[in-house]
Amino acid sequence: MKSIAISGSPRENVGKRDAKELRYQGLVPAVLYGGPTQTHFSVSAADLRSVVYTPDVHFIDLEVSGVKSQAIIKDMQFHPLTEQLIHIDFLLLDEKKPITIEIPVKLTGTSPGVKVGGKLVQKLRKLRIKALPKDHLDNIEVSISELEVGKSVRVGDIKLTNQTITNAAEDTVVSVTTSRALRQAEQEAGKK
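As the structure is a computational prediction, the values presented were derived from the model and not from experiment.

Caption draft 1: Just the pairing of strand β7 (residues 99-108), in detail. With 6 bridges connecting them, β7 and strand β9 (residues 126-131) associate as antiparallel partners. Across the sheet, residue Pro-104 finds its bridge partner in β9, namely Lys-126.

Set out below in structure tokens:
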């Protein structure tokens, strides 16, 4: 999985007034969990743009006052009106502990059901994957080259080697449904 390096500055004061002042300066208050202690720091909002506003999942190489650590984004809070990032939580990675991350689904191939007029419906765009950090994938490829009209790919149909999908096995990932135009053509063909 790809990594992005981000550096932060430690926070002396932790509170609403301090957080508001940081946001005014273009910084985002942040916390690193998962270690022996929590680390409170601030990060430039511009540095977080490439990590937050993307469908891709990245490991974060954090550096706070000379201490380097690898983490993932655990939670983000946005302002309700401006949609501006106001707080971010990171989780420290441990190479021996499995973590659960939502990984994007990437559809591959061309569906024969779509070629004859069916409609491709993707119900799940991300799947929850539990694995060790070294085994995590950038995305999960799902082939739709066998999908006919009325058929679907369920979570249980996806096979991974070192990862476990924690979504329900009967959940539909992608399906090809009958489109209105195809239904109308079938009805007209039946009338003849």
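Caption draft 2: Focus on the sheet that holds strand β5 (residues 67-78). The strand order β1-β3-β2-β6-β5-β4 describes a closed barrel built from 6 strands, whose pairing is mixed. Each neighbouring strand pair of the sheet contributes to a mean axis angle of 45°, computed without reference to strand direction. As paired elements, strand β2 (residues 27-33) and strand β6 (residues 85-92) share 4 bridges and run parallel to each other. Looking at β6, one finds that Ala-30 is bridged to Ile-88. Across the sheet, helix α1 (residues 16-24) is in contact with β2, β3 (39-44) and β6; its angle to β2 comes to roughly 125°. Packing of helix α2 (residues 45-52) onto the sheet brings it into contact with β1 (3-10), β2, β3, β4 (59-64), β5 and β6, and relative to β3 it is tilted by some 90°.

Caption draft 3: Expanded view of the nonpolar core. Core analysis: the largest hydrophobic core is formed by 22 residues, its most contacted members being Ile-101, Leu-127, Ile-140, Val-142, Ile-158 and Val-173. Of all the secondary-structure elements, those providing two or more residues to this core are β7, β9, β10 (140-143) and β13 (172-177). Per element, the largest residue contribution to this core is 4 residues, and it comes from β7. Residues within four places of Ile-158 in sequence aside, it is in contact with Leu-127, Ile-140, Val-142, Val-153, Ile-165 and Val-173. Grouped together as the second largest cluster of nonpolar side chains are 17 residues, Ala-30, Leu-32, Val-52 and Ile-88 included.

Definitions and cut-offs
Residues numbered from 1 in each chain as written. Predicted model: local features only at pLDDT ≥ 70, side-chain atom pairs only at ≥ 80, totals over all residues. Heavy atoms only, no water. Pairing = 2+ DSSP bridges. Helix = DSSP H or I, 4+ residues; strand = E, 2+ residues; numbered from the N terminus. Axes fitted to C-alpha atoms, helices over the stretch in contact; angles between N-to-C directions. Contact = heavy atoms within 4.5 Å. Core = buried A, V, L, I, M, F, W, Y, C linked by side-chain atoms within 4.5 Å. Buried < 20%, exposed > 50% of the residue type's maximum accessible area, 1.4 Å probe, protein only.

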